[in-house]
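Here are the chains, one letter per residue:
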2 protein chains.
Amino acid sequence: MVEVVRNTRQRRAVQAILDELESFVSAQDIHDKLRHRGEKVGLSTVYRNLQTLVDASEVDALRNDDGEVLYRRCSAGHHHHLVCRQCGRTVEVEGPTVETWADAVAREHGFTDVAHTLEIFGTCRSCSR
Amino acid sequence: MVEVVRNTRQRRAVQAILDELESFVSAQDIHDKLRHRGEKVGLSTVYRNLQTLVDASEVDALRNDDGEVLYRRCSAGHHHHLVCRQCGRTVEVEGPTVETWADAVAREHGFTDVAHTLEIFGTCRSCSR
DNA sequence: GCTGATTTGACATTCGTTCTCATCATTTCC
DNA sequence: GGAAATGATGAGAACGAATGTCAAATCAGC
């Protein structure tokens, strides 16, 4: 049997939330928002669907200082995030210089299979007023 | 009243472990290593002392993919880490270009109070054989 | 509609970390 | 020196995010 990815109400609901937001949110945030708008979706289901979306590279995930994983719908391809500390609003940024620098430094020290994580945090204009 | 930081046996033991290692380790790793060598130190104490050291900027902390916090004695000043995925061995690296780039990008988008996190992961020479 | 594999959800469980609080150790003050 | 104040410890409880369990519900294809 072919592995079918079903189009369930719950999955659509989770994706709908993500489509509306341009900030990183936790799984529990999404769960709360869904309950608020009357959609009944189990917490496990939210986690499962988010994991599926991450595996499909349709959303990006990162951890905040508290160790919570935050999710956000993102464009394809390698990029980094400029995240507002207050409201979580996020801008995707690219930095070719950084990529090449990281690779070069790693190779200099004999490291292979190089990957890197880079996030920039700050206070956005509307939050700093 | 002067706030004294006491030099206890347990604190010295935790610092001793950190001094011997050049890889990132978890609090529980340290706890295990201490028990192995016969030092009896409570887990809470290990966590507390690590937190103190982080606050004093004497050790750096970062999270691995599993959400565990890893600790390592580090030199002062802003730097980044090149970490081996297999053995955890770490090289401190500096990248002035990255710093200025991150600041510039953030300011372009109206962000203030800018900070960033950057870690490079790879497989070190001895682990790739 | 039927069928059967996928998905869901309530609940239990795991795991790293923090909290609590009684006890022990060190300093301070007389 | 000795008593009181303050700091540090540790065993276990508590916490919270995340994952596992499994019977019941649900969707896709016929």
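For the structure itself, look to the data block above.
Residues numbered from 1 in each chain as written. Chains lettered and ligands numbered in written order. Predicted model: local features only at pLDDT ≥ 70, side-chain atom pairs only at ≥ 80, totals over all residues. Heavy atoms only, no water.

**Let's talk about the relation of the copies chain A and chain B**
- Superposing chain A onto chain B requires a rotation of 180° together with a translation of 0.0 Å along the rotation axis, leaving an RMSD of 0.1 Å. This pairing of chains is accounted for by a two-fold axis. For chain A, the minimum C-alpha distance to the rotation axis belongs to L118 of chain A and amounts to 2.2 Å. (Least-squares fit on C-alpha atoms with pLDDT ≥ 70 in both.)

**Focus: the protein's contact with DNA strand D**
- Inspection of the region around DNA strand D gives 21 residues, with Y47 and V69 of chain A together with T8, T45 and R48 of chain B positioned closest.
- At 3.1 Å, a side-chain N or O of R6 of chain B approaches a sugar or linking oxygen of DNA strand D.
- Taken together, the elements giving at least two residues each to the surface near DNA strand D come down to α3 (43–55) of chain A together with α1 (9–20) and α3 (43–55) of chain B.
- For the surface near DNA strand D, the leading source of residues is α3 of chain B, giving 4 residues.
- Grouping the amino acids of the surface near DNA strand D by side-chain chemistry returns 5 nonpolar, 9 polar and 7 charged. (Near = heavy atom within 4 Å. Polar contact = N/O pair within 3.5 Å; in protein donor to acceptor, adjacent residues only side chain to side chain. Helix = DSSP H or I, 4+ residues; strand = E, 2+ residues; numbered from the N terminus. Nonpolar A, V, L, I, M, F, W, Y, C, P; charged D, E, K, R; others polar.)

**Topic: the state of the cysteines**
All names here are of chain B.
- For the coordinates displayed, the defined rule picks out 0 disulfides over all chains.
- Here C84 is not cross-linked by a disulfide; its sulfur's nearest cysteine counterpart is in C87, at 3.6 Å.
- Take C84: its relative accessible area is 2%, and that puts it in the buried class.
- We note that C127 lacks a disulfide partner, and the nearest cysteine sulfur, in C87, lies 3.7 Å from it.
- Among the residues examined, C127 registers a relative accessible area of 28% and is labelled partly exposed. (Disulfide = S-S within 2.5 Å. Buried < 20%, exposed > 50% of the residue type's maximum accessible area, 1.4 Å probe, protein only.)

**Some details on the nonpolar core**
- Residues L82, W101 and F111 of chain A together with L82, W101 and F111 of chain B are the most contacted members of the largest nonpolar core, which totals 26 residues.
- Of all elements in the fold, only β4 (80–84), β5 (90–93), α4 (96–108) and β6 (112–123) of chain A together with β4 (80–84), β5 (90–93), α4 (96–108) and β6 (112–123) of chain B reach the threshold of two or more residues within this core.
- Apart from the residues lying within four places of it in its own chain, the contact partners of W101 of chain A are V93, E94, G95, V98, L118 and I120 of chain B. (Core = buried A, V, L, I, M, F, W, Y, C linked by side-chain atoms within 4.5 Å. Contact = heavy atoms within 4.5 Å.)

**Looking at the interface of chain A and chain B**
- Taken together, the 37 residues of chain A in the interface contact 37 residues of chain B.
- Looking at the side of chain A facing chain B, the largest losses of area belong to R63, W101 and F111 of chain A, adding up to 22% of the total buried there.
- The interface formed by chain A and chain B holds 0 salt bridges in total.
- Viewed at the interface, chain B and chain A are joined by 12 residue pairs in polar contact (both at pLDDT 80 or more).
- Elements with a minimum of two residues in the side of chain A that touches chain B: β4, β5, α4, β6 and α5 (125–128) of chain A.
- A total of 12 residues in the side of chain A that touches chain B trace back to one element, the largest contributor, which is β6 of chain A.
- A per-class count over the side of chain A that touches chain B returns 17 nonpolar, 11 polar and 9 charged.
- Bridging between β6 of chain A and β6 of chain B involves 9 bridges; their strand directions are antiparallel. Looking at β6 of chain B, one finds that A115 of chain A is bridged to F121 of chain B. (Buried area = accessible area lost by both parts, 1.4 Å probe. Salt bridge = Lys/Arg side-chain N within 4 Å of Asp/Glu carboxyl O. Pairing = 2+ DSSP bridges.)

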